[in-house]
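# Observations on chain architecture
So you can see what is in the structure, the chains are spelled out below.
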Amino acid sequence: MIGWFGVGSLVFLLTCAIIVARTRDLLAATIVFAAYSLVMAMTWQQLRAPDVAITEAALGAGVTTLLFLLAIARTRRTEDESA
Amino acid sequence: MISLDLFLRLNYLAGIMLFLIGLHTMLTHANLIKKVMGMNIMETGIFLFMVSIGYAHGTLSPIMRRGGPVQGLTYTNPLLAATVLTGIVIAVSTTAYALSLIVKLYEQCGTLDVDRLEKLRS
Amino acid sequence: MRQLPAFLLVVAIAYVLALALSEAPAFGRVDAPARNEVMRFYLDEECEQSGIPNTVTAIIFDYRGYDTMGEATVLFTAVGAAAAVLAGHSGTLVARPMAASDDVILRMVSRMVIPFVQIFGIYVIVYGHVSPGGGFAGGTILGGSMALYLFVFGPKRTVKKLPLAWGEIADGAAAFWYVLVGLGGILLGANFLANAAAGVPLGVRGQLFSGGTIWLIGLGVGVKVAATIINLLVHLAGET
């Protein structure tokens with residue numbers, strides 16, 4: 001068994017993914033995506049892949065978030081373009 | 001026939017569901033940045049699936065002791081970890097390139113909406 | 001209007017994947033089909049052939065060194081393409097470049113934290129063959145520390161501290177370094193990127209200078225990934 005911690009992480013991951021998909025605010029989606037990546041790194045540590053976990057914690061939670069933040073800073077924050 | 005065994009493979013199921021959520025995001029949202037986010041979720045879903053394939057209960061991470069592999073102990077599959085490590089780095093460079101294209105597109109057209117871009121073209 | 005076809009497509013793919021999953025072997029079994037003789041070969045022979053404890057690093061930088069070189073090229077291409085796309089302001093609507101933060105706490109804390117993050121990144125790069133980590137993970141941490149600087153102090157000061165040309169030179173030099181290490185194998189009379197097969201001394205397993213060319217390649221990849229990340233972020237921040 002992967003244990004309750006593993007099941008909880010998977011539920012958290014799915015919840016985060018759905019929130020990222022549903023929210024209309026791109027900045028909020030980026031922040032939730034960072035949390036998602038961090039929990040994904042923990043899951044990989046639980047699955048005995050520490051190299052992947054370190055890389056994901058730095059790349060997924062760090063650099064991808066920064067890339068999205070920069071892109072949002074240079075374009076627009078909301079998804080709706082009614083204005 | 002889909003059996004109930006599906007729910008005993010929670011990690012595989014979660015990977016597939018993340019893939020589907022990402023795919024749905026990519027298909028239904030008009031905003032380009034949201035599409036890139038959906039692509040990232042798809043990728044992590046696939047990575048979760050692949051790392052889960054390599055895992056086995058009661059195993060160690062594939063880092064040996066100084067004297068070589070310990071007899072009688074099993075390790076997780078290092079091949080899948082190596083492949084996923086490669087994939088993560090490629091995913092980030094794909095994201096970076098896509099976002100730089102999107103920023104340039106916004107400079108040129110002033111919109112991130114795919115439908116508006118279609119109208120602008122015609 | 002695109003909701004319904006997309007939903008139907010997703011449901012169709014979900015059905016196919018669920019069918020495949022119900023036939024899949026159970027999760028986490030020690031005798032699962034993926035745990036075949038290829039995996040056992042790597043686990044049993046790696047310590048003798050590459051001489052380092054971390055099997056994942058050995059696979060990336062030694063067994064599949066050629067593949068990793070292609071990956072370094074992908075990073076190179078991503079930076080080049082991003083720079084080419086974002087260079088110049090030909091658009092009608094110029095997006096504003098990123099501004100620096102004026103938060104005192106943020107500046108002081110990041111000034112204190114960044115050196116430690118960089119030391120940790122260098123540690124992960126250099127000890128990647130003995131402990132978890134390696135060129136990719138450590139290079140990302142190193143690049144992340146510079147990205148923190150970029151976000152707190154703004155692109156202008158970052159470019160003053162680390163000129164864009166330096167980052168690009170580091171990027172290219174690391175890729176060239178990888179090829180040079182590979183050519184060393186040919187000079188020693190074996191294949192491109194050959195390690196122990198070319199007679200490179202492997203050293204004592206578990207020590208810092210061990211594993212032959214793996215250490216050198218890991219160093220190059222670490223520098224390359226760090227340079228790639230900071231170049232991409234500086235280009236995207238709009239200071240070119």
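Residues numbered from 1 in each chain as written. Chains lettered and ligands numbered in written order. Predicted model: local features only at pLDDT ≥ 70, side-chain atom pairs only at ≥ 80, totals over all residues. Heavy atoms only, no water.

## Considerations on the overall build of chain A
Spelled out, the test is: Helix and strand labels come from DSSP, where a helix needs a run of H or I of at least four residues and a strand needs a run of E of at least two; each type is numbered from the N terminus. Remark: exposure states derive from per-residue accessible area (1.4 Å probe, protein chains only) relative to the maximum for the residue type, with buried under 20%, exposed over 50%, and partly exposed in between. Here, residues are in contact when the closest pair of their heavy atoms is within 4.5 Å. The protein chains shown are the only cover counted for residues, whose accessible areas, like all others here, come from Shrake-Rupley with a 1.4 Å probe. Counting rule applied: Lys, Arg positive; Asp, Glu negative; His and chain ends not counted. Think of each charge as sitting on NZ of Lys, CZ of Arg, CG of Asp or CD of Glu.
Helix and strand content of chain A: three helices and zero strands. Beginning at the N terminus, the succession of helices and strands in chain A can be written as α-α-α. Among the 83 residues that make up chain A, the fraction classed as buried is 59%. Considering only intrachain contacts with a sequence separation of at least 6, the fraction spanning at least 24 residues in chain A is 57%. Split by element, the accessible area of chain A, about 3,200 Å² in all, is 70% carbon and sulfur. Looking at charge distribution, chain A has the averaged site of its 6 positive side-chain charges lying 3 Å from that of its 6 negative ones.

## Topic: the side chain of Ser52(B)
Threshold: Throughout this description, a polar contact denotes any pair of N or O atoms lying within 3.5 Å of each other; where both atoms belong to protein, one of them has to be capable of donating a hydrogen while the other can accept it, and for residues adjacent in sequence the pair is counted only when both atoms sit in side chains.
Its location among the elements puts Ser52(B) in helix H2 (residues 32-54). Polar side-chain contacts of Ser52(B) include one of 3.2 Å to the side chain of Asn11(B). Setting aside residues no more than four positions away along its own chain, Ser52(B) makes contact with Leu47(A), Asn11(B), Tyr12(B) and Phe27(C).

## Things to note about the interface of chain B and chain A
Size of an interface: often given as the accessible area lost when the parts come together. This is how it is decided: Buried area: the accessible area, evaluated with a 1.4 Å probe, that two parts lose upon being put together, summed over both parts. Any carboxyl oxygen of Asp or Glu that lies within 4 Å of a side-chain nitrogen of Lys or Arg is treated as forming a salt bridge with it.
Each side of the interface is counted separately: chain B has 45 residues, and chain A has 44 residues. Interface area, chain B with chain A, both sides summed: about 3,900 Å², of which 73% is carbon and sulfur. Linking chain B with chain A are one salt bridge. Elements with a contribution of two residues or more to the side of chain B that touches chain A: helix H1 (10-28), H2 and helix H3 (78-109) of chain B.

## Some thoughts on the packing of aromatic side chains
Put simply, the test is: Planes of paired rings set the category: under 30 degrees apart is stacked, over 60 is edge-to-face and the rest tilted, where pairs are Phe, Tyr or Trp rings (Trp by its six-membered ring) whose centres lie within 6.5 Å.
Summed over all chains, the structure comprises 13 aromatic pairs over all chains. On the basis of an interplanar angle of 20° and a centroid distance of 5.4 Å, the ring pair of Phe33(A) and Tyr36(A) is categorised as stacked. Placement of the pair is Phe33(A) and Tyr36(A) together in helix H2 (residues 26-46), with a separation of three residues, close to one helical turn. Judged by its relative accessible area of 2%, Phe33(A) is buried. In this structure Tyr36(A) comes out as buried when scored by relative accessible area, which is 0%. Residues Phe41(C) and Tyr42(C) carry aromatic rings whose centres are separated by 5.7 Å and whose planes lie at 65° to one another, so their mutual orientation is edge-to-face. By relative accessible area, which is 10% here, Tyr42(C) ends up buried. In this structure an aromatic cluster arises from ring pairing among Tyr12(B), Phe49(B), Tyr55(B) and Phe27(C).

## Quick notes on the interface of chain C and chain B
In this assembly, 62 residues from chain C lie in contact with 59 residues from chain B. Both sides together, the interface formed by chain C and chain B hides about 5,300 Å², and carbon and sulfur atoms give 70% of it. Among the residues chain C hides against chain B, the three largest losses belong to Arg2(C), Leu21(C) and Phe27(C). Together they make up 15% of the total. Viewed at the interface, chain B and chain C are joined by zero salt bridges. Across the chain C-chain B interface, the total number found is six residue pairs in polar contact (both at pLDDT 80 or more).

## Considering helix H2 (residues 37-49) of chain C
Put simply, the rule is: One fewer than the residue count of a helix, multiplied by 1.5 Å, yields its expected span. The quantity called bend is, for any residue, the angle between two axes fitted respectively to the seven residues ending at it and the seven beginning at it.
If you check H2(C), its first and last C-alpha atoms are 17 Å apart, about what 13 residues at 1.5 Å a residue would give, namely 18 Å. Along H2(C), the sharpest change in direction is near 30° and occurs at Leu43(C). Residues Met39(C), Tyr42(C), Leu43(C), Glu46(C) and Cys47(C) constitute the buried set of H2(C). Contacts made by the buried residues of H2(C) are with H3 of chain B together with helix H3 (55-63) of chain C. One or two residues past the end of H2(C) sits Gly51(C), with phi positive at roughly 75°.

## Describing the confidence of the model for chain C
For the record, the criterion: Confidence of the predictor at the level of single residues is given by pLDDT, which spans 0 to 100.
Looking at chain C as a whole, the pLDDT averages 85, with 94% of positions reaching at least 70. Within chain C, the element-level pLDDT minimum falls on H2(C), averaging 83, and the maximum on helix H5 (residues 104-126) of chain C, averaging 92.

## Looking at the side chain of Thr59(B)
As for its placement among the helices and strands, Thr59(B) is situated in the loop between H2 and H3. Those residues in contact with Thr59(B) that lie beyond four places of it in its chain are Arg48(A), Thr74(B), Tyr75(B), Thr76(B) and Arg35(C).

## Description of helix H6 (residues 135-161) of chain C
All names here are of chain C. With 27 residues, H6 extends just 24 Å between its outermost C-alpha atoms, more than 12% less than the 39 Å of an ideal straight helix rising 1.5 Å per residue. Most pronounced at Gly154, the bend in H6 amounts to some 125°, and the proline Pro155 follows within four residues. Judged by how many residues are buried, H6 sits mostly within the fold: 19 of 27 residues are covered.

## Some points on the nonpolar core
Applicable threshold: Definition of nonpolar core: a set of buried residues of the types Ala, Val, Leu, Ile, Met, Phe, Trp, Tyr and Cys, connected through side-chain atoms within 4.5 Å.
Among the nonpolar cores identified, the biggest contains 99 residues, and Tyr36(A), Trp44(A), Ile33(B) and Leu48(B) are the most heavily contacted of them. Among the elements that make up this core, the one with the highest residue count is H3(B) (14 residues). Those residues in contact with Trp44(A) that sit more than four places away from it in its chain are Ala49(A), Val52(A), Ala53(A), Glu56(A), Thr44(B), Phe47(B), Leu48(B), Val51(B) and Ile88(B). Counting five residues, the second largest nonpolar core, distinct from the first, contains Met64(B), Tyr75(B), Met39(C) and Leu43(C).

## With respect to the packing of H6(C) against helix H8 (residues 213-237) of chain C
Residues and elements named next belong to chain C. Let me state the cut-off plainly: To define axes, lines are fitted to C-alpha atoms, for helices over the stretch in contact only, and angles between the resulting N-to-C directions are given on a 0 to 180 degree scale. Oblique is the label for any angle not covered by the other classes, which are roughly parallel (under 35 degrees), roughly antiparallel (over 145) and roughly perpendicular (65 to 115). What makes a crossing left-handed is the near helix being turned counterclockwise from the far one by less than a right angle; a clockwise turn instead makes it right-handed. Residue classes follow a fixed rule: Ala, Val, Leu, Ile, Met, Phe, Trp, Tyr, Cys and Pro count as nonpolar, while Asp, Glu, Lys and Arg count as charged, and any other residue, Gly among them, counts as polar.
Remark: H6 packs on H8, axes separated minimally by 8 Å, with the N-to-C direction vectors making an angle of 30°. If you check the angle between H6 and H8, you find them roughly parallel. The interaxial crossing formed by H6 with H8 has right-handed handedness. Mapping the contact onto sequence places Gly135, Phe136, Gly139, Thr140, Leu142, Gly143, Met146, Ala147, Leu150, Pro155, Thr158 and Val159 in H6 and Gly218, Val221, Gly222, Val225, Ala226, Ile229, Ile230, Leu233, Val234 and Ala237 in H8. Per-class residue counts for the contact of H6 with H8 are 15 nonpolar, seven polar and no charged.

## Brief notes about a positive patch on the surface
Residues and elements named next belong to chain C. Put simply, the rule reads: Residues with no salt bridge and a relative accessible area higher than 30% make up the patches, which join like charges within 9 Å and nonpolar side chains (Val, Leu, Ile, Met, Phe, Trp, Tyr) within 5 Å.
The grouping of Arg111, Arg157, Lys160 and Lys161 at the surface amounts to a positive patch. In terms of residue count, H6 provides more of the positive patch than any other element does, three residues in total. Taking relative accessible area as the criterion, Lys161 reaches 57% and is therefore assigned exposed.

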